[in-house]
Amino acid sequence: MTTNQKKITALVALGLLWGGILAWEWLAVEEPVRVPLTNVSGPASTTRARHGTVEGLHVQLDLLAAARTQREMTFTLPRNIFALLRPGDSGADRANQPELNPGSEQALLHQEVLAGLAQFHYLGFVRMEEGWRKNGELAVLTKNDDLHVVRTGETVEDHVVVKAITQESVTLQDRRSRVEHIVLLSEEAPLQP
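Cut-offs applied
Residues numbered from 1 in each chain as written. Predicted model: local features only at pLDDT ≥ 70, side-chain atom pairs only at ≥ 80, totals over all residues. Heavy atoms only, no water. Helix = DSSP H or I, 4+ residues; strand = E, 2+ residues; numbered from the N terminus. Buried < 20%, exposed > 50% of the residue type's maximum accessible area, 1.4 Å probe, protein only. Contact = heavy atoms within 4.5 Å. Areas by Shrake-Rupley, 256 points an atom, 1.4 Å probe, with all protein chains shown as cover. Expected span 1.5 Å × (residues − 1). Core = buried A, V, L, I, M, F, W, Y, C linked by side-chain atoms within 4.5 Å. Salt bridge = Lys/Arg side-chain N within 4 Å of Asp/Glu carboxyl O.

## Remarks on the overall build of the chain
The helix and strand inventory of the chain stands at five helices and seven strands. Its helices and strands in sequence order give the chain the pattern α-α-α-α-α-β-β-β-β-β-β-β, from N to C terminus. A total of 193 residues make up the chain; the buried ones form 17% of that total. Counting only contacts in the chain whose residues sit at least 6 apart along the sequence, the fraction spanning at least 24 positions is 34%. For the chain, the accessible area works out to roughly 16800 Å², and carbon and sulfur atoms hold 59% of it.

Right, dumping it as structure tokens:
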């Protein structure tokens, strides 16, 4: 026998030996026993005992009612803090405006506009249904013999804008001069001239 034949016979003998071992192991191995998992360390779980009983389930009605009222609440849109301020938008801007000289033309115009806005009387406040949006509140205003029923943002007499409506007052702004005037709720009817 040559060396190549010896190598091939040794290789075949080793292959047969390994094949025999694998076949013997394959036939000797038993199917693993299937058992449910159990907790061997840590606290024992009681989910099986609770699963069959109803007393473990509780509905918290107060949380459900609170969630319902939260969903029904109306939220106002947040103010854009990055928006540029227009003159007359905030009370701080109005407070920082310089005082007008009493004899100047601007002061006379300012007084004239305030006198025109002071002629309005706030007679009443009407709140619409709960489902209406925030500007659903109405104010009843009078000026001389004219009666105006307005909402926030509406214009009266082409130059007066209703800025805000509360139960106690209405804030009016002259469109041209940006002068604001707060009209308090009148307890008496305005005097007729």
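## A short note on helix 3 (residues 61-72)
An ideal rise of 1.5 Å per residue puts 16 Å on twelve residues; helix 3 measures up with 17 Å between its terminal C-alpha atoms. In terms of residue burial, helix 3 counts as a barely covered element, since only zero of its twelve residues are buried.

## Details of the nonpolar core
With 15 residues, the main nonpolar core has F120, Y122, L141, V162, V170 and L172 as its most contacted residues. Elements with a minimum of two residues in this core: helix 5 (105-118), strand 1 (120-126), strand 2 (138-143), strand 5 (160-165) and strand 6 (169-174). Broken down by element, this core gets its largest block of residues, three residues, from strand 5.

## Section: the pattern of salt bridges
Scanning the model with the defined rule gives two salt bridges in all. Where R34 meets E31, a salt bridge forms, and the shortest distance between an N and an O atom there is 4.0 Å. Residue classification places E31 among the exposed residues on the basis of a relative accessible area of 61%. A salt bridge links E157 to K143; the shortest N-O distance between them is 3.1 Å. Of this pair, E157 sits in the loop between strand 4 (155-156) and strand 5 while K143 is found in strand 2, placing the two residues 14 residues apart along the sequence.

Read these as geometric descriptors, not functional statements.
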